[in-house]
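Given next are the chains, with one letter for each unit.
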Amino acid sequence: MRRWMQLGMLLAALTAASVASADIIDVNGVKRSYTAQLPAKKPAPLVVVLHGKTQRGADMVARTAWPQVAKREGFAVVFPDGLNHAWADARTKAGPALRGPPDGTDDIAFITKLVEKLVANGTADPKRVYVAGISNGGAMAMTLLCARADLFAAGASVVMNLTDETAVTCHPSRPLPMLLMNGTADPLVPYAGGRGSSYFAADGFWSTNETLAFWRKLNGCETDDAAAVDLPDKNPADQSGVTRITSRCPTGHDVVLYRVNHGGHRMPGFSPDARFPRVATGLLGPQNGDIDGAETIWAFFSQFP
């Protein structure tokens, strides 16, 4: 019986591994890598998922629910790799002890070319392309929405706020629906703004409230909250909760914030987002288990256009 169980687990692992495939494209003479999971039915919606600093696309495959959600819902998902495990977002000051990508890296060009490739080969529906990122990937997602709003139908940023530098360069060609998901106990990107308590934190972050107000203004929304709803506490052991804050916006210009009360610099999820959860909790704060980040973001994306 045990041998049959082991064989079953091996076959399941091989099947899961065959779902996603690695590939490379040339961007201005630089070889850039990514992993893609494509549905059988095409063209399909496409979600570009951007990892955090020190990570790779493979981490998003292994430690988020994006592959499972994409398979169930029938959309394509792509996990690009940043150079030096980082993204060249609009910030030039991204932390004192963590190396960024090489000088001259053009990640806007990389993601643009990747999206255009998947649209051109019939994989992606050009009207249903979305971008989501966490931490440095969240900053890159906002940078992409600011620079290439024409490519996307909506965006999401997890555990990241704007800075003066990113805000002053943000001039999207059109309003886009935006989801923010930030923790109030984040030691790297403080909810209240400024510099986090972590040694690796950068300074100069706007608060989440200021970041929310910025996107509301861009999207022509009213300044105050439409509603603030505390979501069910499905996992009391995580010692955190989630409040969904909505906005009064024109149709199709939605802006929503998922405030993770007492949550850290983590992607909410029903399974651990790190190989060593206890170590991650010590460095990054607690992970919320009341909502799943990928499930929540896709539920938002799927409304648009």
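Note: the structure precedes this text.
Analysis parameters
- Residues numbered from 1 in each chain as written.
- Predicted model: local features only at pLDDT ≥ 70, side-chain atom pairs only at ≥ 80, totals over all residues.
- Heavy atoms only, no water.
- Helix = DSSP H or I, 4+ residues; strand = E, 2+ residues; numbered from the N terminus.
- Rg over C-alpha atoms; globule rule 2.2 N^0.38 Å.
- Buried < 20%, exposed > 50% of the residue type's maximum accessible area, 1.4 Å probe, protein only.
- Areas by Shrake-Rupley, 256 points an atom, 1.4 Å probe, with all protein chains shown as cover.
- Lys, Arg positive; Asp, Glu negative; His and termini not counted.
- Charge placed at Lys NZ, Arg CZ, Asp CG, Glu CD.
- Core = buried A, V, L, I, M, F, W, Y, C linked by side-chain atoms within 4.5 Å.
- Contact = heavy atoms within 4.5 Å.
- Axes fitted to C-alpha atoms, helices over the stretch in contact; angles between N-to-C directions.
- Parallel < 35°, antiparallel > 145°, perpendicular 65-115°, else oblique.
- Nonpolar A, V, L, I, M, F, W, Y, C, P; charged D, E, K, R; others polar.
- Salt bridge = Lys/Arg side-chain N within 4 Å of Asp/Glu carboxyl O.
- Disulfide = S-S within 2.5 Å.

Visitor: Looking at this model, I keep getting lost on the overall build of the protein. Mind explaining?
Guide: When you go through the protein residue by residue, the secondary structure sums to nine helices and ten strands. Relative to a compact globule of 305 residues, whose C-alpha radius of gyration would be 19 Å, the protein shows 19 Å and is just as compact. Across the 305 residues in the protein, those meeting the buried criterion constitute 50%. Only carbon and sulfur atoms are counted for the fraction: they give 56% of the accessible area of the protein, which is about 14300 Å². Positive and negative side-chain charges in the protein, numbering 30 and 28 respectively, have mean positions lying 7 Å apart.

Visitor: Is there a simple way to think about the nonpolar core in this case?
Guide: A general feature of soluble globular proteins is that nonpolar side chains tend to end up buried together. Core analysis: the biggest nonpolar cluster contains 49 residues, and Leu50, Ile111, Phe152 and Trp215 have the highest contact counts within it. Per-element tally for this core: the top contributor is helix H5 (residues 136–147), with seven residues. In this structure leucine 50 touches Met60, Pro80, Trp87, Ile111, Val131, Ala132, Gly133, Ile134, Gly137, Met140, Ala141 and Leu144, once residues within four positions along its chain are discounted. Ranked by size, the runner-up nonpolar core spans 33 residues in total, among them Val47, Val77, Phe79 and Tyr258.

Visitor: How should I be thinking about the packing of helix H4 (residues 107–120) against H5 in this particular structure?
Guide: Two quantities define a packed helix pair, namely the angle between the axes and the distance from one axis to the other. With their axes 10 Å apart at the nearest point, H4 and H5 run at an angle of 75° to one another. Here H4 lies roughly perpendicular to H5, going by the angle between them. Contacts from Asp107, Ile108 and Ile111 in H4 reach Met140, Thr143, Leu144 and Ala147 in H5. Residues that form the contact of H4 with H5 fall into these classes: five nonpolar, one polar and one charged.

Visitor: For this particular structure, what's the right way to read the pattern of salt bridges?
Guide: Side-chain pairs of opposite charge can arise where the charged atoms are in close proximity. Within this structure, the stated rule accounts for eleven salt bridges. Aspartate 23 is the salt-bridge partner of lysine 117, the closest N and O atoms lying 3.4 Å from each other. With lysine 117 in helix H4 and aspartate 23 in strand E1 (residues 20–27), this pair connects stretches of sequence that are 94 residues apart. One salt bridge in this structure joins arginine 248 and aspartate 224, with 3.2 Å as the shortest N-O distance. Remark: aspartate 224 occurs in the loop between helix H7 (208–218) and strand E8 (225–230) and arginine 248 occurs in the loop between strand E9 (241–247) and strand E10 (255–261); sequence separation between them is 24 residues. What makes arginine 248 partly exposed here is its relative accessible area of 36%. Taken together, the shared-partner salt bridges in this structure form one network comprising Arg72, Glu73 and Glu295.

Visitor: Which parts of the structure should I look at to understand the state of the cysteines?
Guide: Cysteine pairs can be covalently joined through their sulfur atoms, and such a bond is termed a disulfide. This model, assessed by the stated rule, comprises two disulfides. Here cysteine 146 engages in a disulfide with cysteine 170; their sulfurs sit 2.1 Å apart. Across the S-S bond linking cysteine 146 and cysteine 170, the dihedral sits near -85°, which makes this disulfide left-handed. With cysteine 146 in helix H5 and cysteine 170 in the loop between helix H6 (164–168) and strand E7 (178–183), the pair connects residues that are 24 residues apart, well separated along the chain. Paired by a disulfide, cysteine 221 and cysteine 249 hold their sulfur atoms 2.0 Å apart. In this structure, the disulfide formed by cysteine 221 and cysteine 249 twists by about 105° around the S-S bond and is classed as right-handed.

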